[in-house]
Structure formats: C-alpha cells, structure tokens
Amino acid sequence: GDHGEGKKWEVEEVGTMTRLAFTGVAVGGGAVRSVSAGSAVCRRGGVSVGAAKVGRSGCACARDCVGRTQRGGCTAPCCQRKFGRRGAVVTRMAASDSSELEKQIEMLEKVLKEQDAKLERLETIKEQEYASKMVLADESTLIGGATDPRMEELFKQNREWAASVLEKDPEFFNKLKDGQSPEILWIGCSDSRVPANQILNMMPGEVFVHRNIGNCVIHTDLNCLSVMEYSIKYLKVNRLIVCGHYNCGAVKAAMTDMKFGVIDNWLRHIRDVRRAHAKELAAIEDEDKRYRRLCELHLMEQFQNVCSTTIVQNAWDEGHDLTVHALIFDTADGSLKDFGMAAADPSSVSTIYRVPQSA
C-alpha cells in the first residue's frame, strides 16, 4: 500500500525478522541493510525499495518474504537464503547501533550471571533447611547438625587442621584419596584419652584402628573379627597391637559389684579375668595397685584371645608375616610401654585353642 513518501523508517530486530516500525510491515530477516527517509535498501540484491513499494506482504523484491521467513528462510533472489535454514541473518545496523547492542547483551549476560548466583545460594539455603528438618516415615522430625551452632567450631577446627597438614605436605590429601596401606592394626579402648594415631604420632592412613570399651577381643564379636580379617587378609598389615591402658573405666567398673546396665554384659569378660586371678588380686592390699594389676592381667588375656582366633592362626599357617604385640598406655605421663609379650607363630597359642587342620 501507499504509506507516503519522505517518511523516516525505523528498523527493529524481532526474532528472525526485521520490522519496519512505521508501517508495522515485517521484512525478511537480513533483507534490510539500512533505512533512510522514504526508502530501504536490500542488502543482497541492492534494490532500492521505496515507501510506496512496501506492502502488507513484505519486501517488493520478495513477494512472499514474510511468510517464508517465519517458516525458516526466504528463497527470493535478493535474500539468497535457503528454505529450511535455522535462524536468520542478523541485521547489521550502523557501527554505533551494533556497539550499543553488544553493550546491552553484555549487560544482560552480567545480570543473568548474578541471578544464577542468587539461585544457587537459595538452593543451598533450601537444602540446609531440608536437612535440618528431615521427616521420617513415622512423621517424627530429625534435627540436623546445621541447626547446632556448636558444630561450626568443629568445622573450623577441621579446616585449621587440614590447612596445617597441607602446609607441611601439599600433596597429602591427593595421596590419601587414592587408598590406604597401613602396616599396623591397633585394637584399643574407646576411651577418649587413648587415640591411636596421636599416641603413635602417625598420620591418617598409617594405622588401621578398632576400638571398643575395655579393648576386649571376644571370639563371638563379629565387629572385631571382621576388622582383623580385613586388615590381615586384604590390607596385609604385619603388626597387630593390642593396647590396654591404666586408669581404664571399664576395668574399674568390673572391680566393683555395682549394676550399670546393658554394659554389664560386656564387662562380664573383664570380670572373668578378675575371677581367674582372684587370689593374686586379693593379695594386693593397695587398691590403686590392684586396679593397675587388673588392667595388666586383662591386657594379657586379650593378647591370648587375639592369638587364638582362627584369623591369626590361618595367617600364620599361610606364611603371613604377622607379629602380635601387647602394649599398655599410661594416661598419667603419656608413655606407651611394651608389656614384654609378642607372638609371630602358632607356638604361642594354647593347645586347647590350636586348630591346625581342616575338618
């Protein structure tokens, strides 16, 4: 239609098209290169299109340009675009307009990145809230550690420890994540004053540890036996340390006739040692010395229990290089003492418990 000569045309990029703002007529994407008063120049064909020549169907040099552009491409000679091609040629405006567009795109990208960062923070907060209020099947609520302010101090201490380790050995944790190859299995007491790694001044990965109340080795305790088998058979440890300690609360409790609860069933094993050595203990008048002696007798019993297990016996029978040691730790001065007991072959096992042959 005739929209008048001498009008100023403004170009707006809309998706895959260029729209003439004055007439509202869409011209195929990439077809318009520049606009002046009353005319538009086709980029490909170089055909001048006056205002009167622009009708509702689009560019005069491409009768069906608008519809084809929407479907994927214009095949008119001036546009030279293959039908079905995805997208459209972005119309290049004047240098100043292009620069302004790039600035706007950069600004939008910056805003999007900021929004993504906010979303990530929100997701983290939601996860923490979810973890702090987990609901079980019976609708009871679990209170997560995130709601306990005391945990932050532990995390702080952990970060400080990790930093101090890395300061000494930057590759320490890279090596640690690849696996472990300890040479020692430590069986000790759960007492918080008797930590294996600190007492031996060894780093994580250097000692395999099993701890329970009273450092008991019981032939029906699948937990302890599983640790022994795994460390001996698969980790190939060559030293097994049974470590007792003076001032042991479990031994102290076993010396009394008091009832403590479920733990009394566990303490029964220490009371068995007390019964087996009743005469010797009764002859010691000083209570502290009697207490220390029971700690030693109990350690001796656990040493024998380790050697008598089928796990250790099988290891020796198969030629495994394994030595069992009995050590005792003194909480009064931090010293670790050799109790003078070690075994490296089946000869240390009582004949009653020796099982050299398969059934």
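Since this is a predicted model, take the numbers as computed values, not measurements.

### With respect to the overall build of the protein chain
Scanning the protein chain from terminus to terminus reveals 11 helices and 13 strands. A total of 359 residues make up the protein chain; the buried ones form 33% of that total. Within the protein chain, contacts between residues at least 6 apart in sequence are counted, and of these 54% link residues at least 24 apart. In the structure as shown, the protein chain presents an accessible area of about 22700 Å², 52% of it carried by carbon and sulfur atoms.

### Details of the pattern of salt bridges
Where charged atoms from two side chains of opposite charge come close, those side chains can pair. If you walk through the whole model with that rule in mind, you get 14 salt bridges. Glu160 is the partner of Lys156 in a salt bridge, and the nearest nitrogen-oxygen pair spans 2.7 Å. Of this pair, Lys156 and Glu160 both sit in helix H3 (residues 150-168), four residues apart, which is roughly one turn of that helix. What you see here is one network of salt bridges that share partners, running through Glu280, Arg293 and Glu296.

### Overview of the pairing of strand S11 (residues 239-245)
When you tally the buried positions in S11, you get six out of seven residues, the bulk of the element. Both strand S9 (residues 184-189) and S11 contribute to a ladder of four bridges, which runs parallel. If you follow Ile184 over to S11, its bridge partner there is Arg239. As judged from the seven bridges shared by S11 and strand S12 (residues 323-330), these two strands associate in the parallel manner. The residue of S12 that forms the bridge with Arg239 is Thr323.

### Focus on the packing of helix H8 (residues 263-276) against helix H10 (residues 287-308)
Here H8 crosses H10 at 105 degrees, and the two axes come no closer than 10 Å. Our classification of the angle between H8 and H10 gives roughly perpendicular. On H10, the residues touching Ile270, Val273 and Arg274 of H8 are Leu294, Leu297, His298 and Glu301. Its residues assigned to classes, the contact of H8 with H10 shows four nonpolar, one polar and two charged.

### Focus: the sheet that holds strand S10 (residues 207-212)
If you trace the five strands from one edge of the open sheet to the other, you get S10-S9-S11-S12-S13, paired in mixed fashion. Looking at the sheet topology across the chains shown, the edges are occupied by S10 and strand S13 (335-343). Across the sheet, the axes of successive neighbouring strands diverge by a mean angle of 25 degrees, strand direction being ignored. Examined bridge by bridge, S12 and S13 share seven bridges and lie antiparallel to one another. Bridge pairing links Val324 to Ala343 in S13. Those strands touched by helix H6 (residues 222-234) are S9, S10 and S11, and its axis lies near 170 degrees from that of S10.

### Observations regarding the confidence of the model for the protein chain
For the protein chain, per-residue confidence averages 78 on the pLDDT scale, and residues scoring 70 or more make up 67% of the total. Note that residues 1-73 has pLDDT below 50 and, in this model, 152 contacts with residues that lie over four places away or in other chains. The low-confidence segment residues 80-93 (pLDDT under 50) makes 36 contacts with residues lying over four places distant or belonging to another chain.

### Looking at H8
Between the first and last C-alpha of H8 there are 20 Å, a value that for 14 residues agrees with the 20 Å anticipated at 1.5 Å per step. The largest bend in H8 comes to about 35 degrees, at His269. All buried positions along H8 are accounted for by Asp264, Leu267, Ile270 and Val273. Elements in contact with the buried residues of H8: helix H7 (249-254) and H10.

### Notes on the packing of H10 against helix H11 (residues 310-317)
In the contact formed by H10 and H11, the axes pass within 5 Å of each other and the chain directions differ by 55 degrees. The pairing of H10 with H11 is recorded here as oblique in orientation. Only Thr310, Val312, Gln313 and Trp316 of H11 make contact with H10, whose side of the interface consists of Val306, Cys307 and Ser308. Classifying every residue of the contact of H10 with H11 gives four nonpolar, three polar and no charged.

### A closer look at the packing of aromatic side chains
Counted by the stated rule, this structure contains four aromatic pairs. Both rings, one in Phe172 and one in Phe173, keep their centres 5.1 Å apart while their planes meet at 85 degrees; by these two values the pair is edge-to-face. What makes Phe172 buried here is its relative accessible area of 11%. For Phe173, a relative accessible area of 25% translates into the label partly exposed. An angle of 45 degrees between the planes, with centres 5.8 Å apart, marks the rings of Phe208 and Tyr230 as tilted. In this pair, Phe208 is assigned in strand S10 and Tyr230 in helix H6, connecting sequence segments 22 residues apart.

### Description of the environment of Val355
Relative to the helices and strands, Val355 resides in the segment after S13. Sequence separation between Val355 and Gln313 is 42 residues, and the spatial gap between their C-alpha atoms is 7.8 Å. Non-local contacts of Val355, meaning those with residues more than four positions away in its chain, are made with Thr310 and Gln313.

### Considerations on the nonpolar core
In this structure, Met228, Leu240, Val306, Val312 and Val324 are the most contacted members of the largest nonpolar core, which totals 46 residues. The residues touching Val312, leaving out its near neighbours within four places in the chain, are Met228, Ile232, Leu240, Val306, Cys307, Leu322 and Val324. One finds Ile184, Ala196, Val207 and Ile241 within the second-largest nonpolar core, a separate group that totals 10 residues.

Reading the values: the criteria
- Residues numbered from 1 in each chain as written.
- Predicted model: local features only at pLDDT ≥ 70, side-chain atom pairs only at ≥ 80, totals over all residues.
- Heavy atoms only, no water.
- Helix = DSSP H or I, 4+ residues; strand = E, 2+ residues; numbered from the N terminus.
- Buried < 20%, exposed > 50% of the residue type's maximum accessible area, 1.4 Å probe, protein only.
- Contact = heavy atoms within 4.5 Å.
- Areas by Shrake-Rupley, 256 points an atom, 1.4 Å probe, with all protein chains shown as cover.
- Salt bridge = Lys/Arg side-chain N within 4 Å of Asp/Glu carboxyl O.
- Pairing = 2+ DSSP bridges.
- Axes fitted to C-alpha atoms, helices over the stretch in contact; angles between N-to-C directions.
- Parallel < 35°, antiparallel > 145°, perpendicular 65-115°, else oblique.
- Nonpolar A, V, L, I, M, F, W, Y, C, P; charged D, E, K, R; others polar.
- pLDDT = per-residue confidence, 0-100.
- Expected span 1.5 Å × (residues − 1).
- Bend = angle between axes of the 7 residues up to and from the residue.
- Phe/Tyr/Trp six-rings, centres within 6.5 Å; stacked < 30°, edge-to-face > 60°.
- Core = buried A, V, L, I, M, F, W, Y, C linked by side-chain atoms within 4.5 Å.

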